Amino acid sequence: MTLLEIKQVSKSYKLAGKEKVPVLRNVNIKFESGEFVSILGESGSGKSTLMNIIGGMDSDYEGDVMIQGKTLRSMKEKEVDAYRKDKIGFIFQSFNLIPHLSVLENVMMAMQMTDTNKQERMQRAKGILTEVGLVDHMQKKPNQLSGGQKQRVAIARALSNDPDIILADEPTGSLDRDTSEQILELLDSIAKKGVLVITVTHSQRVADFGSRIVSVEDGSIIEDQRLKERYMAVKETNETKGKSLSLKASFKLAIKNMRLQSKRNLLVAIGGSIGIVSVLLMLSLGNGVKTYMNNEINSTLNPLLVDVVKSPEAVKGQQAGRLPNRQRGGEPFTEKDINKISGINNVDHVEKVITIKGKSNVVYHESNKDLQVLGTVTDSIKDKNIEKGSLPSDNEVLLTTSFAKSLSSDKTYKSLVGETISLFINQMDEQNQPVTVKAELVVSGVYDQGNTGPMNDANAYVSYSTLENAYSSQNLTLLPTQINAYANNQDQVESIKKAVDKAGFISSPTASIMKQVTTYVDMATYLLSGIAGISLLVSGIMILVVLYISVVERTREIGILRSIGARKKDIRRIFFSESALLGLLSGVIAVAAAWGISLGLNNLLVNTFGTELVQLTPGYMVFGIGVSTLISVIAGLLPSSKAAKLDPMESLRYE
Ligand code: ADP
Ligand code: MG
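1. Examining the overall build of the protein
Helices and strands together make up the secondary structure of the protein, namely 19 helices and 21 strands. For the protein, whose C-alpha radius of gyration is 45 Å, the value lies well above the compact-globule estimate of 26 Å for 655 residues. When the backbone C-alpha atoms are referred to their principal axes, the protein occupies close to 140 × 50 × 40 Å. Looking at the protein residue by residue over its 655 residues, the buried ones come to 50%. Long-range contacts, defined as pairs at least 24 residues apart, comprise 78% of the intrachain contacts of the protein with a sequence gap of at least 6. Accessible surface for the protein amounts to roughly 30400 Å². Of this, 55% is attributable to carbon and sulfur atoms.

What follows is the structure, encoded as structure tokens:
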């Protein structure tokens, strides 16, 4: 039965897009198994072209090739790939071994793309390497071998998938006479097993070695000469199930290749990481600053508070004040006003607030100290800031730490808690006569106002009713100059503010200040991250360029892989793995660097801000590595599809 038939095959090359130069003219020939055919002809007679067509490496021709009753033309691209892998073993004059793989790995390469397991592959590869006499060299790299040994590896690789046809294009072209003879013996022993061996040569001596000589001249067969009987052994045709290169195998291949170019890849990864590092640092800094600001604001301002004053004059110049309970002077509120405000929807409760500035003093034993501010205690005073003691109830007073220190001493100020002090307030009565309001008060606690500025040094806080009682004992009426309205929740603050303004009062919700600050910090963070993102783009382009160079550098390797049956998908996968690995590496470097930098910065800044200002979260780290890998994979798409699209024949031609 005919194994292989070339039917009416013609091919011509278009030179410079005009002239058609015929390379093959109506070639008709049949081959059978067990033949050792030499195709003999001068250089340029079209021998290689014919081999490439038979091997399914070139589809740009007229006529057809029939193999075991099936024509190449009727096969889909995938089937042609499988045909190359299962039926054909290619051997080239220049060996075409993959330089970064060992002898054993080169032989196992084609088998990677079949559904054999690793054990079987190893077993089979070792068997074949023993057959070609190279089992002792299987861990070497191709460049550690002589020419004859390299060709043996190529033969072993061609045999690895148990092909029916061996195509050898000038297999002895770069070998000396003795070595050539050994290689020809080896090819003959392969034919003996029932394989069709077709070699191409321009040497009569080499051609004479086979069982049949087909002479070619100028693209036509001019002679077909049988020297011996073909070998009659019947070879079982194999039908391995093809499969793609597994992702694992392609990653392994990628790691091997990246190691080969380890310096370059490391530099690229470091370069690529710069963009990620800057984005990560910007995000972390923004995160840290926001937390810091929120804490600062929350510790001084109550987000639910809407503070209300009556006359606009009183507010002037005090908008920026950030007193814990922003207490402002101005026109006093009447009971009617207060009811109006507490009646607004979603107002939880209201507080009367009054602030007496610079008119009061405290006497304790021999100390007599002036108060800067005597205020009513409000919800804004936080328990957690009370160093010792508690909030003042009736007839009690809360002193700021600094005022307590001035009354007592730096060391003993805490022991003031529980002591009685005398408070004096110098007021004018309704007749504008000076009057002193006096109260004996127990110190309920000392209160640390934090860094709210120099204005809050010497302050004391009492409850509104305490002050009211003290005033009434002097026949004075106390009216609040500020009302604090508290919302049920933060979302209602804006609507309460609107209602307050509509009622003719003046409000200043602290929540909106906080919202604004947060918005500004967010805006700054995103802006800076965006700018940092530009360096991300640059690193993406860099990775693209490097992969492009890699594709160009490895065009031959791609051709080799295609010649042993790799599909376009497999090629794409190899380059995809490389770009993903590169991105992963770069992301890991970036996270490590960002982490290091954030540690350093935090150490530097912790004294100034009292908190870690660069907050690199695990989420950001995952984000950094993910983005880096994604950018790299996207950048690799173009080069890898370029690599996959390369015509196998053209890529092998590439030097
Ligand atoms: P051989 O292997 O017998 O030396 P080839 O099959 O390699 O011959 O080439 C046959 C002819 O086709 C030669 O004249 C060669 O110059 C020409 N040829 C081969 N490949 C190309 C190509 N890609 N473009 C143009 N001409 C080509
Ligand atoms: Mg040739």
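2. Quick look at the confidence of the model for the protein
Chain-level pLDDT for the protein is 85 on average; 93% of the residues reach the 70-or-more range. Considering only residues more than four positions removed or in separate chains, one finds that residues 313-328, a stretch of pLDDT under 50, has 50 contacts.

3. So, the packing of aromatic side chains
Tallying each qualifying case throughout the model produces 4 aromatic pairs. Considering the side-chain rings of Tyr447 and Tyr461, the 6.3 Å spacing of their centres and the 85 degrees angle between planes classify their relative orientation as edge-to-face. Here Tyr447 is found in strand β18 (residues 434-447), whereas its partner Tyr461 is found in strand β19 (residues 459-462), with 14 residues between them in sequence. In this structure Tyr447 comes out as buried when scored by relative accessible area, which is 2%. Among the residues examined, Tyr461 registers a relative accessible area of 1% and is labelled buried. When the ring centre of Tyr61 is taken as origin, the NZ or CZ atom of Arg73, which lies over that ring, is 4.3 Å away.

4. Observations regarding the packing of helix α16 (residues 555-563) against helix α17 (residues 568-609)
A pair of packed helices can be characterised by two numbers: the angle between their axes and the separation between those axes. At a minimum axis separation of 10 Å, α16 and α17 run at an interaxial angle of 140 degrees. Here α17 runs oblique to α16, going by the angle between their axes. The way α16 lies across α17 gives a crossing that is right-handed. In this structure, α16 contributes Ile558, Leu561 and Arg562 to the contact, and α17 contributes Lys568, Ile571, Ile574 and Phe575. Partitioned by chemical class, the residues of the contact of α16 with α17 number 5 nonpolar, no polar and 2 charged.

5. Considering the pattern of salt bridges
A complete count under the given rule lists 21 salt bridges for this structure. As a salt-bridge pair, Arg84 and Asp81 come within 2.5 Å of each other at their nearest N and O atoms. Residue Arg84 and its partner Asp81 are both found in helix α2 (residues 77-86); the two are separated by 3 residues, about one turn of the helix. Note on accessibility: Arg84 and Asp81 belong to one class, buried. The salt bridge partner of Lys290 is Asp522, with a shortest N-O separation of 2.9 Å. You can see Lys290 sitting in helix α9 (residues 262-300) and its partner Asp522 sitting in helix α15 (residues 510-553), a full 232 residues away along the chain.

6. A short note on the site of ligand 1
Taken together, Tyr13, Val23, Glu42, Ser43, Gly44, Ser45, Gly46, Lys47, Ser48, Thr49 and Arg653 form the complete shell of residues around ligand 1. Note that a nitrogen atom of ligand 1 is positioned 3.1 Å from one of the side-chain N or O atoms of Tyr13. The contact in question runs from an oxygen atom of ligand 1 to an N or O atom on the backbone of Lys47, over 2.9 Å. The protein chains hide 67% of the 560 Å² of surface that ligand 1 would expose on its own.

7. Focus on the sheet that holds strand β1 (residues 4-15)
The antiparallel open sheet is built from 4 strands, whose spatial order is β2-β1-β4-β5. Only two strands of the sheet have a single neighbouring strand rather than two, namely β2 (19-31) and β5 (70-71). Here β1 pairs with strand β4 (residues 62-67) via 5 bridges, running antiparallel. Directly across from Ile6, in β4, lies its bridge partner Val65. Packing against the sheet, helix α1 (residues 47-54) makes contact with β1, β2 and β4, and its axis sits at approximately 120 degrees to β1.

8. Quick notes on the environment of Tyr231
You can see Tyr231 is positioned in the loop between β10 (220-226) and α8 (247-260). Taking the relative accessible area as the measure of exposure, Tyr231 reaches 23% and is therefore partly exposed. Sequence-wise, Tyr231 and Ser284 are 53 residues apart; in three dimensions their C-alpha atoms are separated by 75 Å. In this view, Tyr231 contacts Ser33, Gly34, Asp188, Ala191 and Lys192; residues no more than four positions away in its chain are not counted.

9. Let's talk about the sheet that holds strand β6 (residues 88-92)
Taken together, 6 strands build an open sheet; the order of strands is β6-β7-β8-β3-β9-β10 and the sheet is mixed. Across the chains shown, the open sheet's two edge strands, defined by having one partner strand only, are β6 and β10. The average angle at which neighbouring strand axes cross in this sheet is 15 degrees, direction not considered. Bridge count for strand β7 (residues 165-169) against strand β8 (residues 196-201) is 5 bridges, and the pairing is parallel. Its bridge partner being in β8, Ile166 is matched across the sheet by Val197.

10. So, the side chain of Ser640
Examined against the element boundaries, Ser640 turns out to sit in helix α18 (residues 618-645). Looking at Ser640, the relative accessible area reads 2%, which means it is buried. Polar side-chain contacts of Ser640 include one of 2.8 Å to the backbone oxygen of Gly636.

11. Some details on the domain arrangement of the protein
For the protein, the assigned domains are domain 1 (2-243), domain 2 (257-295 + 517-653) and domain 3 (303-509). Put simply, the middle of domain 1 and the middle of domain 2, counted by C-alpha atoms, are 43 Å apart. Contacts between domain 1 and domain 2 engage 22 residues on the former and 19 residues on the latter. Note on domain 1 versus domain 2: buried area summed over both sides is about 1900 Å², and carbon and sulfur give 59% of it. Looking only at domain 1, the three residues that lose the most surface to domain 2 are Met57, His100 and Met113, adding up to 29% of its buried area. For the interface between domain 1 and domain 2, the tally reads 2 salt bridges. Among the secondary structure elements, those contributing two or more residues to the side of domain 1 that touches domain 2 are α2, β6 and α3 (103-112). Take the side of domain 1 that touches domain 2: its biggest share by element is 5 residues, from α2. Its residues assigned to classes, the side of domain 1 that touches domain 2 shows 9 nonpolar, 5 polar and 8 charged.

12. Considerations on the nonpolar core
With 53 residues, the main nonpolar core has Leu4, Met109 and Ile198 as its most contacted residues. When near neighbours in sequence (up to four residues on either side) are disregarded, Met109 contacts Ile98, Leu101, Leu245, Leu253, Leu561 and Ile564. Counting residues in each nonpolar core, the second largest holds 34 residues, with Val107, Val153, Val197 and Val206 among its members.

Conventions adopted
- Residues numbered from 1 in each chain as written.
- Chains lettered and ligands numbered in written order.
- Predicted model: local features only at pLDDT ≥ 70, side-chain atom pairs only at ≥ 80, totals over all residues.
- Heavy atoms only, no water.
- Helix = DSSP H or I, 4+ residues; strand = E, 2+ residues; numbered from the N terminus.
- Rg over C-alpha atoms; globule rule 2.2 N^0.38 Å.
- Buried < 20%, exposed > 50% of the residue type's maximum accessible area, 1.4 Å probe, protein only.
- Contact = heavy atoms within 4.5 Å.
- Areas by Shrake-Rupley, 256 points an atom, 1.4 Å probe, with all protein chains shown as cover.
- pLDDT = per-residue confidence, 0-100.
- Phe/Tyr/Trp six-rings, centres within 6.5 Å; stacked < 30°, edge-to-face > 60°.
- Lys NZ or Arg CZ within 6 Å of the ring centre and 35° of its normal.
- Axes fitted to C-alpha atoms, helices over the stretch in contact; angles between N-to-C directions.
- Parallel < 35°, antiparallel > 145°, perpendicular 65-115°, else oblique.
- Left-handed = near helix turned anticlockwise from the far one by under 90°.
- Nonpolar A, V, L, I, M, F, W, Y, C, P; charged D, E, K, R; others polar.
- Salt bridge = Lys/Arg side-chain N within 4 Å of Asp/Glu carboxyl O.
- Near = heavy atom within 4 Å.
- Polar contact = N/O pair within 3.5 Å; in protein donor to acceptor, adjacent residues only side chain to side chain.
- Pairing = 2+ DSSP bridges.
- Domains from an automatic or database assignment.
- Buried area = accessible area lost by both parts, 1.4 Å probe.
- Core = buried A, V, L, I, M, F, W, Y, C linked by side-chain atoms within 4.5 Å.

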